[in-house]
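Summary of structural features
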Amino acid sequence: MTIPRHLAVIMDGNGRWAARRRRPRIIGHRAGARAVNLCIDFCLERGIAALTLFAFSSENWGRPEEEVGALMKLFLNALEREVVELHRRGVRVRFIGERGRFGAQIRERMQAAEAQTAGNTRLALNIAASYGGRQDIAAAARSLAHDVAEGRIQPDDIDEALFASRVALADLPPPDLFIRTGGDTRISNFLLWQLAYTELWFTDTLWPELDAATLSLALDDFARRERRFGLTGDQVADLETSA
Ligand code: FPP
């Protein structure tokens with residue numbers, strides 16, 4: 001069975017999960033943090049090499065102050081609690097997004113988590129925090145513009161490969177499979193450049209209710225899909241025979 005090398009996930013539905021229980025939204029986010037561990041365990045068990053989780057979007061800063069504050073506390077606690085265990089299990093942790101918008105304590109813990117786990121190779125865990133796909137692409141364009149302005153490259157040097165080297169996660173294969181929980185069928189400004197040929201999979205399951213059986217369904221579906229990358233089915237079959 002073909003296993004995705006890189007799985008990207010939008011963890012949606014924490015708020016609705018809490019609302020159904022008449023509890024505050026943050027209780028849903030706490031339950032969501034448990035599902036994060038389940039998802040990491042699943043990737044380790046199945047030999048998925050990279051997992052990218054959308055934890056907080058650039059747009060999420062606009063949520064009520066109380067919810068943003070509670071989420072920050074949750075991130076801080078998770079960073080404190082989980083990193084030792086992630087390190088023990090061979091997980092390399094990295095953060096993508098506008099880190100400067102977080103408070104000093106969170107930034108320090110992010111950096112410490114990255115430094116502590118930098119040498120691990122079992123699973124590359126990428127947490128997108130204060131991340132936006134358009135912002136990622138704009139940052140890549142800005143960095144190339146600086147290179148042109150300072151004479152390091154010519155405008156005509158800019159091609160897909162050079163551009164791809166400047167967006168987030170440039171050192172990883174792009175996601176093979178994207179999963180979104182919570183019933184909505186959109187990408188919501190997640191990895192816009194990186195998802196160009198990713199297989200998309202959506203489920204009504206709310207993030208806190210995620211279980212291994214649901215993730216297995218996604219993997220089974222993924223294994224049945226024919227990925228053509230713009231070629232014909234016959235060409236893909238020929239390539240597979242000659243590989
Ligand atoms: C979307 O659900 C979820 C978030 C904005 C936060 C995601 C955070 C976690 C899963 C908690 C911990 C994460 C880490 C990495 C420790 P929503 O609030 O939009 O749900 P709704 O659509 O039902 O309102």
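Below is a short write-up of the structure. Nothing here was measured: the structure is a model prediction, and the numbers come from that model.

Regarding the pairing of strand E4 (residues 123–131)
- When you tally the buried positions in E4, you get 9 out of 9 residues, the bulk of the element.
- Pairing of strand E2 (residues 50–57) with E4 involves 7 bridges; the strand directions are parallel. From the neighbouring strand, phenylalanine 54 faces E4, where its bridge partner is alanine 128.
- With 6 bridges joining them, strand E3 (residues 91–96) and E4 adopt parallel strand pairing. By the bridge assignment for E4, isoleucine 96 is matched with alanine 128.

Section: the pattern of salt bridges
- For the structure on display, the rule yields 23 salt bridges.
- Close ionic contact of arginine 152 with aspartate 147 constitutes a salt bridge, the shortest N to O distance being 2.7 Å.
- In this structure arginine 152 comes out as exposed when scored by relative accessible area, which is 52%.
- The salt bridge partner of aspartate 184 is arginine 186, with a shortest N-O separation of 3.1 Å.

Some words on the site of the ligand
- As a matter of local geometry, the ligand sits amid 18 residues, with Asp12, Gly15, Arg16, Arg25 and Arg63 nearest to it.
- Between the ligand and glycine 13, the relevant distance is 3.3 Å, taken from an oxygen atom to a main-chain nitrogen or oxygen of the residue.
- At 2.8 Å from an oxygen atom of the ligand is found a side-chain nitrogen or oxygen belonging to arginine 25.
- Isolated, the ligand exposes 620 Å² of accessible area, and the fraction of that covered by the protein chains is 89%.

Observations concerning the state of the cysteines
- Tallying each qualifying case throughout the model produces 0 disulfides.
- Here cysteine 43 stays free of any disulfide, with the sulfur of cysteine 39 as its closest cysteine sulfur at 4.7 Å.

Brief notes about unusual backbone geometry
- Phi at leucine 169 takes a positive value of approximately 65°, unusual for a residue other than glycine.
- Within the element layout of this structure, leucine 169 appears in the loop between helix H6 (160–164) and strand E5 (177–180).
- The class of leucine 169 is buried, set by a relative accessible area of 10%.
- In this structure, asparagine 189 is a non-glycine residue whose phi angle is positive, near 60°.
- Given the relative accessible area of 17%, asparagine 189 is considered buried.

Criteria and thresholds
- Residues numbered from 1 in each chain as written.
- Predicted model: local features only at pLDDT ≥ 70, side-chain atom pairs only at ≥ 80, totals over all residues.
- Heavy atoms only, no water.
- Buried < 20%, exposed > 50% of the residue type's maximum accessible area, 1.4 Å probe, protein only.
- Helix = DSSP H or I, 4+ residues; strand = E, 2+ residues; numbered from the N terminus.
- Pairing = 2+ DSSP bridges.
- Salt bridge = Lys/Arg side-chain N within 4 Å of Asp/Glu carboxyl O.
- Near = heavy atom within 4 Å.
- Polar contact = N/O pair within 3.5 Å; in protein donor to acceptor, adjacent residues only side chain to side chain.
- Areas by Shrake-Rupley, 256 points an atom, 1.4 Å probe, with all protein chains shown as cover.
- Disulfide = S-S within 2.5 Å.

In short, geometric facts, not functional conclusions.
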